[in-house]
Amino acid sequence: MPRLPTSLLRKAYAIDSLLPPLLGPCRDLNSARNELRWLREHVDKVSRARYTKGGSSAKGGLLRTLVRKRVSGGKPIGAPLQYGLGTEYFGDLEIEVRPGVLIPRPETAASVTHLTRLVRDARELPTELRILDLCTGTGCIPLLFHDVFYSVRSDVELRFLGVDISSKAIALANRNLQRLRRSKKYVHKGVTEFMLADVLVNPFADRARRPDEPLPLKSALNFNKKRVFWDILVSNPPYISPSAFRTTTARSVRGFEPRLALVPPGEAGRSDTEQGDAFYPMLLVAAIDAEVKIVLLEVADLDQAYRVARMAQGMQVYDGIEIWRDQPDQAHDGSSQPSSEFPIIGQGNGRSVLCWRGPGALWLGKNNGEASNAGPLVQKPYSELDSVSKPEAVHSSLHPESFMQMQGGRRNV
Amino acid sequence: MKVTPWVCRSCLSRFARPLPSHHIRFQSTASTSESVPPALLARARTIAFEHKQLTEKLTDGFDTRAAKKLGEYSAIVNALKEWDKAKESVAELTSLINDPTTDPELLALASDDLGATRTHLVNASQSLTTSLVPIHPFAHLPCLLEIRPGAGGSEAAIFAGDLLRMYQGFCNRNDFRSTLLKYENINGTQEAGVPLSEAVLEIDSENAYGVFRSEAGVHRVQRVPATETKGRTHTSAASVHVLPSLQENSLGENDIEDPESDYYIDPKEVKLEVMRARGAGGQHVNTTESAVRLTHIPTNTTVSMQDSRSQPKNKEKAWVLLRSRLAQTRREKREEEMVAMRRSVVGVARMGRGDKVRTYNWNQQRVTDHRSGTTVHDLDDVMQGGHTLDKVMESVRSWLMEKDVEALLAEEAPTRDVKK
Ligand SMILES: C[S@@+](CC[C@H](N)C(=O)[O-])C[C@H]1O[C@@H](n2cnc3c(N)ncnc32)[C@H](O)[C@@H]1O
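Rules of the game
- Residues numbered from 1 in each chain as written.
- Chains lettered and ligands numbered in written order.
- Predicted model: local features only at pLDDT ≥ 70, side-chain atom pairs only at ≥ 80, totals over all residues.
- Heavy atoms only, no water.
- UniProt positions renumbered as here; feature names shortened; annotations may be inferred.
- Axes fitted to C-alpha atoms, helices over the stretch in contact; angles between N-to-C directions.
- Helix = DSSP H or I, 4+ residues; strand = E, 2+ residues; numbered from the N terminus.
- Parallel < 35°, antiparallel > 145°, perpendicular 65-115°, else oblique.
- Contact = heavy atoms within 4.5 Å.
- Nonpolar A, V, L, I, M, F, W, Y, C, P; charged D, E, K, R; others polar.
- Pairing = 2+ DSSP bridges.
- Near = heavy atom within 4 Å.
- Polar contact = N/O pair within 3.5 Å; in protein donor to acceptor, adjacent residues only side chain to side chain.
- Areas by Shrake-Rupley, 256 points an atom, 1.4 Å probe, with all protein chains shown as cover.

Looking at an unreviewed UniProt entry, one finds chain B named Release factor, with Melanomma pulvis-pyrius CBS 109.77 as its source organism. The Sequence similarities (unreviewed entry) comment attached to chain B in UniProt states, word for word, "Belongs to the prokaryotic/mitochondrial release factor family."

Identification of chain A as S-adenosyl-L-methionine-dependent methyltransferase from Melanomma pulvis-pyrius CBS 109.77 is taken from an unreviewed UniProt entry.

This is the structure in structure tokens:
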């Protein structure tokens, strides 16, 4: 990482002595100022709460501690701001975060919001709509779906089940649910639950399980008397390959977020790419088992999106498959749209794969699934795909001054 | 069409709403005064004269148009009658009291009466004024107050912060709900004396635009800055921009959707940019990037918002601000066209962004408004948004009202006989 120019450091120091350290992780003055402001607001809130409880309200110490954590944390690049503040925004929702559980990302919020709006606008929906979220982490996906859906419509009972292998994640997801239920704007409808299970293991694999290991998904559903059939499956599983983990992730991701949430486990004979893709076959099987009508899977980039879309096509049950970019609600600017076997929606990096079948088409506002891409498999050579989108080297990945362009401020319905 | 306000009629029908009576005091200063601005009085007399002529015409035969006009005028004519009567009573009583030959019993009676008659006159003045004054079609809306430092370096930025706190104090005292929509100073806090680069205060109460619109313009400060070592007085300035605020509750969906409305923005003409990490994104990166920038392409108006950690919230705020700014520009343009159309515009001072409207002088502890000519001396109270500020603001509103009336008269006088 290039050194920061002394002039910039001096300028930052003149504004506030706490700014220069934040320049390290932020890289530019504007972001550093924003962070410092958010940290200050947080400290104000905390000290006000302490004060009303009769404690001291010393702010300076707490602020300095938070800044130091952000900067050093024992490592060259500091802990993510969100762990310091204790929350992150996911769409409009403030979600509690904790070390040991992945911080929700804005890209996930964008695709989940888009999916929810499409479904919300459907004329006909079942009276109960069941949404399964595998690898739920903080529980952010079901919570946002609930929020976006019920903010406009209340004639449908939503049933959510969030599944994760980490008991830390399940505890935090439940905490987030309780926290939201206490907020004024929460609509008390539907059922939201979280469950510990492993979505990767095959229940029939003849391998001895340790007693403290989470049950495989199917067994856990049975054991906990959960529904077997679902309508929508959403998942943002670990999808980073070991080599991408070393070269492409930001240091504050690598150093502070759980590897369990980011990199699928390795197995003898698996290539780097195969390891990165490890969750998708299992997720697609789970989708068939649960007979879901819509599947939304987050991916790392356009290449992985193509691979996952083809796997889904291979299941031969879907009436349509498309790829969403980071901002699926924005019309693409038409400039660099690669011609593709699957429709690509929106702007930004390739971010998720959407599949539907049967009534799923209507729930998504598709015209009876006429735009079918589930036909015979047309395999493209990999070399051609590579030229479509190479993941950029994102070592010093932040260029916050550069705004990514999009057209159109509002959603075109 | 003679009693129409000076802003286009279609806007009026779209926005004008009956004002709750307790807000009327903000509309003019007449509430505490026995007098009516001379221009207004002249206009009332003209209308009364016309009213008389029309009445005579009507006795000759029925005329729908005349009848309708008569109806429109009668409120003004009645208010004028009441006012004349009250004025006369006060004059009569006063002359009785001042007359040494008045017999003592009558004198006592007259003195008793004078108080009540005076109050009556104050009320009559108010109803006469309100029956005549064109109400700004957006007066009932909440508003956005934008404050930015002008010439004068960091001293200007400090003064901009002082103005912000002044208006916040004013809002607190007068029960206006205000929230900081945008606040950018150099280190992101709200401490006093920290230079401010831009603040947008949203005043979310009914009639806020009517109360604050006359605050728009350049506010000048003369004082020895804290940073000045040689004790020299500096002159700096900050600009205040006032826009009617367009929230769903102040303005129906229709106004946003209706292409005819000032608030309509074609979403296709707006470029939305979200700040985010370049590169892989998703699980690879975990920075908080919530900034949003909107650009209205045809006018190249940009609004960026980064105050909140929530991107949807920043987007929402940015849209509110963009919509308000564009609407203001459109309105100003239309008003300019109208001014240009008037043949003889006497003394119509447009209050644009460039005009110096008020001076705050620390050495003399005074505040002078250059439009109304009012000077007050309790500078501290003004800067706290106290009653003295009310006084200054009221003086400007009443000045503005007179200007509006003059403009109205100037516009009508030459065409009075030509118009049908
Ligand atoms: C990338 S995170 C996604 C979290 C959350 N859905 C979000 O979008 O922020 C992946 C999650 O999968 C969980 N996970 C990892 N391996 C798993 C497995 N075998 N079965 C179930 N969950 C697993 C991790 O604990 C982590 O919470």
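Moving on, there is more to tell.
## Section: the packing of helix 1 (residues 6-15) of chain A against helix 2 (residues 19-26) of chain A
When two helices pack together, their arrangement is given by the angle between their axes and by how far apart the axes lie. All names here are of chain A. Axis separation between helix 1 and helix 2 bottoms out at 8 Å; the angle between their running directions is 130°. In this view, helix 1 runs oblique relative to helix 2, as classed from their interaxial angle. Listed contacts from helix 2 to Leu8, Leu9, Ala12, Tyr13 and Ile15 of helix 1 are Leu19, Pro20 and Leu23. Classifying every residue of the contact of helix 1 with helix 2 gives eight nonpolar, no polar and no charged.

## Notes on the sheet that holds strand 8 (residues 320-327) of chain A
All names here are of chain A. Across the sheet, which stays open at both edges, the eight strands sit in the order 5-4-3-6-7-10-8-9 with mixed pairing between neighbours. Every interior strand has two partners, whereas the edge strands, strand 5 (191-196) and strand 9 (344-345), have only one. As judged from the two bridges shared by strand 8 and strand 9, these two strands associate in the parallel manner. Considered in strand 9, the bridge of Trp324 is made with Ile345. Each of strand 3 (128-134), strand 6 (232-235), strand 7 (294-298), strand 8 and strand 10 (347-356) touches helix 6 (residues 106-120); the most contacted strand, strand 8, lies at about 130° to it. Sheet strands touched by helix 7 (residues 140-150): strand 3, strand 4 (157-164), strand 5 and strand 6. Its angle to strand 4, the strand with the most contacts, is close to 165°.

## Describing the site of the ligand
Taken together, 21 residues lie near the ligand, and Cys135(A), Asp164(A), Asp198(A), Asn236(A) and Gln283(B) sit nearest. Nearby residues place the ligand at the junction of chains A and B. In the model, a nitrogen atom of the ligand is placed 3.2 Å from a nitrogen or oxygen of the Ile165(A) main chain. Within the complex, 97% of the 600 Å² of free accessible area of the ligand lies under protein.

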